[in-house]
Every structure is written in C-alpha cells, then in structure tokens.
Amino acid sequence: MDYRKMWGELGMDVETHDNLCAALPPAFTEIYLSQKNRPEGMGFWDMVVADIHGIRPAELIEERKKGRKVFGTFCLYVPDEIIIALNGIVTGLCGGSEFWVPDGEKHLPKGMCPLVKASLGAYYGRTCPFFRVTDLFVGETTCDGKKKAYEIMSQDAPVYVIDMPQMKRDEDVVKLAREYRKFASKCEIVTGNSLTIDKLNEAIRITNNKRKAMQRVYNARKNADNIPISGKDALLMTQIAFFDDPVRCAQMCDKLADELEERNRRGVSVFDKGTKRIMVTGTPLAIPNWKLHHIIETSGGAVVCEEMCTGVRYIENLVDEDGGSLDDVILNLARRYMKNNCSCFTPNPGRIEDIIRLAEEYHVDGVIDVNLKFCTTFDTEGILVEKALKEAGIKVLGIETDYNDGDSEQLKTRIQAFFEML
Ligand code: BJ8
C-alpha cells in the first residue's frame, strides 16, 4: 500500500523519508528473511516491518479522529498503565537508525549517544510518522543526555518530563509514586478523561497480560538443549511491542510462545548443536538496530537473552493486581517500575544480580556487554558488570559501538575470537 499521501498530510519530509523506505527492505531481507527455519509466528512481525511507517501510524490517525490521544515515550519508567487507563495510546519513540543521526546532530552535540541523537533527528527531520502523530512527548530525568534533549525539544513540541529518583530507598519509591500521580493529572488534562480505580486496574491487567505473554516467549529461550527462536527474531518481537496495541501484542506473543514450546518439545532448533549461547547486556537496541545480534548470529553464536530495556527489563516484574485505593495502586506501580534496574540509578546492585541470575537461567556460555558510544552510565557500570561476571566464572566480552556499520568487521573479528575462547 502507498502511504506517501498520508505522510505528506502528516507534514513529513516525504522525499528524504523515501531514502529510509528504500534502505529498510534489503536490510531486512539480508538480516531477517535469510534466516533458516524461523517460527511461522514471526510472519506477523515481518508484516509489521514491511509497512512499519504505514500500518500502525494509520491506525493511530484513525484513533485520533475518534478523540484518543497519542503519548510518545522514550523510557521504561513511563507507566503505560496510566496512559492506557485514560484511554490514551502509548507509542515508543526511541530512534535506532543511523539514518536519523545527522538530523539529530544539527540540534545536539556530536559527542552524545546515538539513541538520543537519532530520536531527536527523527523528530526534527520530520522523517518518522510516529513523531508526527504524537500529542504529548513524555520524557524522564534518567541520563543527562536525555534530560537536556527534552529541554531542547520542549522549545518546539509539547513535552512532559517525569522526575526520576536517583536512588532506590523506600522514600524514592514514594517520590516516584508522587510523580506518577502528577503525570496522571497531566494525562487527564490531555485526554479529557478522569482516572478511576477501575480503569487503572483494567489497564494494569492489560499491561500485565502483555508482559506475561512476552515472558512465555523468553521462557522458551531458556531451554538448555534447544534454541527455538533466534535472538534477532526475539529482539524484533520486543522492539515492536513498544508501539503495537498491547492486547494484539499479547495475542501474537502467546501464539508465538505456543509454537516455541512445541518446538522445544520436538527439539526443533534454529541453530546447530554446539552454537554458543550468548547473553547481551547493556544499552537498549531500539528498532531497527539489529547490528550486534546479526554479527553474533553469523559468527557461531545465538543470542538467548537480552539484559536490556529491549529485553528482559521490559517484561520482568508484574504490577500487583490486588488493588486498594487509587493511591495504593499508584504506589504498586511505582514499586514495580523501581524494580527495573537502569544504570542511571546509584548504587545499582540489582542489575548485577539480574545479570548473574539470567546467565544461569538462560544457560549462557558467555556474555557480551554492549555499550552505545557516549553512554556514560552503562559504560562506567560495565566495569562492575565485568568484574562480577569474572568472579562468577562467566566469560565476558565488553564492546562499544554505535549505529554506524563502519566497525562491523572489527566487531566480528573480536566476537569470533571470543567464541573460540568459550
Ligand atoms: S530505563 S536504559 S530506556 S534510561 S543509551 S539515552 S541511558 S546515554 S536509554 Fe534508557 Fe530508560 Fe535506562 Fe532503559 Fe541515556 Fe545511555 Fe543513551 Fe540511554
């Protein structure tokens, strides 16, 4: 289907955007469609990618015509439940393509992480329809780069920033709950709806169901004797979950999980026996950043787990569904989100514990700790991660990269050498 008219009406730079549309299909064919023995259930996500800037944006436009509002988010600490309870729509906006970086660099310093530059580049370059249909951009005070980027963006766009605690003491959970209450008030103004306990409980149920369905897919990856899905495919499912409808997402993930569980029963693997089981940890891999997974999975390894925001951090931990008052439920939300271990917190021992636990649960042969260039918090925390892994007797390779393909060959050489050592 031709969406150029729709993009034009959204005020996009359609000609420049055509270059992105031209580059994606061959890249997707090479990286994804060339894989052997993929689960049939991936057909849904292939279809989404084939029209990634068409199908879902068109749905959002229709929903907006009915009066619903779209909230664009950049971080796991934004509580989807509050937005959904107010009949809003959540769409993840983190940019994962080098295509958007140059436009980002017109508004930000070059020495900044590519995720922030690409996100702002997609906004200012008018080359992403999701940014064009967003009614409120929801930021958060996590890393310095994001904080300042929101400040710049707020000069031109409606931006609301959630003030995140820096530590994880009891009083910080209470502080986050207060922030979520304020955020709910803002969402009430934007949507024109009122937050009720029933609506919030229902939104919690919807979001928990999505997490449970995704957990089933991840659990199928824990099988020590079989790899029923490639890391690339699992990553794609996770990346798209950030902007899909949560109920449909849960249905599709459940269907995929059924197939993967059956594959495990029958011993159907995507990889040959002896392929190294790898966990990747570190900075998020926003769509369409498939570079590292592709290198690993064409070098003798298989990614079986991502300790990342585009991975287990997104799906682990459910919100307590045993209600109470509205304030109690919002406190439950804050409790759940504070279990998410981002390197922006200090100290952050929970993340190290997660990594050691996950290495065991997913039966990994080795860990690749990946850092997006200029992400200071993950880079610095990498020292502690690598120390803890070495102490636990788990082999680890630390790498730093960005969205550019210039270092692919060099990374491949290092990763192959790492696999030989395992
Ligand atoms: S909860 S990881 S989504 S902040 S990579 S922009 S931290 S300089 S993305 Fe993140 Fe939330 Fe944490 Fe997850 Fe900054 Fe680092 Fe860039 Fe990052």
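Within every chain, residues take consecutive numbers counted from 1 along the sequence as written. pLDDT decides what is reported in this predicted model: residues at 70 or higher carry local features, side-chain atom pairs at 80 or more are listed and counted, and totals for whole chains, interfaces and linings draw on all residues regardless. Computation of side-chain values: all heavy atoms of the structure, hydrogens and water removed.

Quick word on the site of the ligand
By convention in these notes, a residue is near a molecule or strand provided one of its non-hydrogen atoms lies within 4 Å of it. Within the structure, the ligand sits among 17 residues, and Cys-113, Cys-143, Cys-309, Cys-342 and Cys-375 are positioned closest to it. In the scheme used here, Gly and all other residues not listed as nonpolar or charged are polar, with Ala, Val, Leu, Ile, Met, Phe, Trp, Tyr, Cys and Pro taken as nonpolar and Asp, Glu, Lys and Arg as charged. Here the shell around the ligand is built from residues that sort into 12 nonpolar, three polar and two charged.

Considering the sheet that holds strand β5 (residues 276-282)
Strand pairing follows a simple DSSP-based rule, namely that at least 2 bridges must link the two strands. Here a strand is any run of E in DSSP of at least two residues, a helix any run of H or I of at least four, and the numbering for each starts at the N terminus. The strand order across the open sheet built from four strands is β6-β5-β7-β8, with neighbouring strands paired in parallel fashion. The sheet is open, and its two edges are formed by β6 (301-307) and β8 (396-401), each paired on a single side. Each strand axis lies, on average, 30° off the axis of its neighbour in the sheet, ignoring direction. As defined by bridge partners, β5 adjoins strand β7 (residues 366-372) across five bridges and the pair is classed as parallel. By the bridge assignment, Thr-281 is partnered in β7 with Asp-369. Contacts are residue-level and defined by heavy atoms, with any inter-residue pair within 4.5 Å sufficient. Helix axes are fitted to C-alpha atoms over the stretch in contact, other axes to C-alpha atoms as well, and angles between N-to-C directions run from 0 to 180 degrees. Here helix α17 (residues 349-361) sits on the sheet and contacts β5, β6 and β7; the angle it forms with β5, its principal contact strand, is near 170°.

As for the sheet that holds strand β1 (residues 70-73)
Read from one edge to the other, the open sheet built from four strands follows the order β2-β1-β3-β4, with strand pairing classed as parallel. Here the strands that pair on one side only, and so sit at the sheet edges, are β2 (89-92) and β4 (159-162). Neighbour to neighbour, the strand axes of the sheet diverge by 30° on average, direction disregarded. Looking at chain direction, β1 and strand β3 (residues 136-140) are connected through three bridges and run parallel. Residue pairing across strands places Gly-72 opposite Phe-137, the latter belonging to β3. Most of the contacts of helix α10 (residues 170-191) go to β4, to which it runs at about 160°, and overall it touches β1, β3 and β4.

Let's talk about the pattern of salt bridges
Put simply, a salt bridge is a Lys or Arg side-chain nitrogen that is within 4 Å of an Asp or Glu carboxyl oxygen. Enumeration according to the criterion identifies 38 salt bridges in this entry. With a closest N to O distance of 2.8 Å, Asp-103 and Lys-106 form a salt bridge. Classification of Asp-103 by relative accessible area gives buried; the value is 17%. Close ionic contact of Arg-265 with Glu-262 constitutes a salt bridge, the shortest N to O distance being 3.1 Å. Of this pair, Arg-265 and Glu-262 both sit in helix α13 (residues 246-266), three residues apart, which is roughly one turn of that helix. Residue classification places Arg-265 among the exposed positions, given a relative accessible area of 61%. Taking relative accessible area as the criterion, Glu-262 reaches 31% and is therefore assigned partly exposed. Salt bridges here are not isolated pairs; linked through shared partners, they connect Lys-222, Glu-316, Asp-354, Arg-357 and Glu-361. Working definition: with a 1.4 Å probe on protein chains only, accessible area under 20% of the residue-type maximum means buried, over 50% means exposed, and in between means partly exposed.

A look at the environment of Phe-99
Within the element layout of this structure, Phe-99 appears in the loop between β2 and α6 (101-105). Looking at Phe-99, the relative accessible area reads 26%, which means it is partly exposed. Taking the C-alpha atoms as reference points, Phe-99 and Gly-121, separated by 22 residues in sequence, lie 8.6 Å from one another. When neighbours within four sequence positions are excluded, Phe-99 is seen to be in contact with Thr-16, Asn-19, Leu-20 and Thr-127.

Quick look at the packing of aromatic side chains
Each aromatic ring pair is described using two quantities: the centre-to-centre distance and the angle formed by the ring planes. In summary, the pairing rule links any two rings of Phe, Tyr or Trp, Trp by its six-membered ring, whose centres are within 6.5 Å, and it sorts them by plane angle into stacked for under 30 degrees, edge-to-face for over 60 and tilted for everything else. As enumerated under the stated definition, the model contains 17 aromatic pairs in all. Residues Phe-74 and Tyr-150 carry aromatic rings whose centres are separated by 5.6 Å and whose planes lie at 55° to one another, so their mutual orientation is tilted. Here Tyr-150 lies in helix α9 (residues 144-153) and Phe-74 lies in the loop between β1 and α5 (80-85), a separation of 76 residues in the sequence. For the pair shown, Phe-74 and Tyr-150 are each scored as buried. Plain terms: the ring middles of Phe-130 and Phe-243 are 5.0 Å apart, the flat faces sit at 55° to each other, and that makes the pair tilted. With Phe-130 in helix α8 (residues 129-132) and Phe-243 in the loop between α12 (231-241) and α13, this pair connects stretches of sequence that are 113 residues apart. A relative accessible area of 5% means that Phe-243 is categorised as buried. Each member of the aromatic cluster is reached from another via a ring pair, and the members are Phe-74, Tyr-123, Tyr-124, Phe-131, Phe-137 and Tyr-150. Lying over the aromatic face of Phe-345, Lys-168 brings its terminal NZ or CZ to 4.6 Å of the ring centre. Positioned above the aromatic ring of Tyr-218, the side-chain terminus of Arg-221 is 5.0 Å from the ring centre. Only when the NZ of Lys or the CZ of Arg is both within 6 Å of the ring centre and within 35 degrees of the ring normal is a charge said to sit over the ring.

A few points about the state of the cysteines
Here, two cysteine sulfur atoms that lie within 2.5 Å of each other are counted as a disulfide. Taken as a whole, this structure holds zero disulfides when the rule is applied. Of all cysteine sulfurs, the one in Cys-21 lies closest to Cys-128, which takes part in no disulfide; the gap is 11 Å.

Concerning unusual backbone geometry
Note the cis peptide between Ile-287 and Pro-288, where omega equals 5°. Note on placement: Pro-288 falls in the loop between β5 and α14 (291-297). Despite not being glycine, Asn-37 shows a phi value in the positive range, around 60°. Within the element layout of this structure, Asn-37 appears in the loop between α2 (14-33) and α3 (43-50). Even without glycine at this site, His-363 takes up a positive phi of about 50°. Looking at the secondary structure, you find His-363 in the loop between α17 and β7. For His-363, a relative accessible area of 39% corresponds to the partly exposed category.

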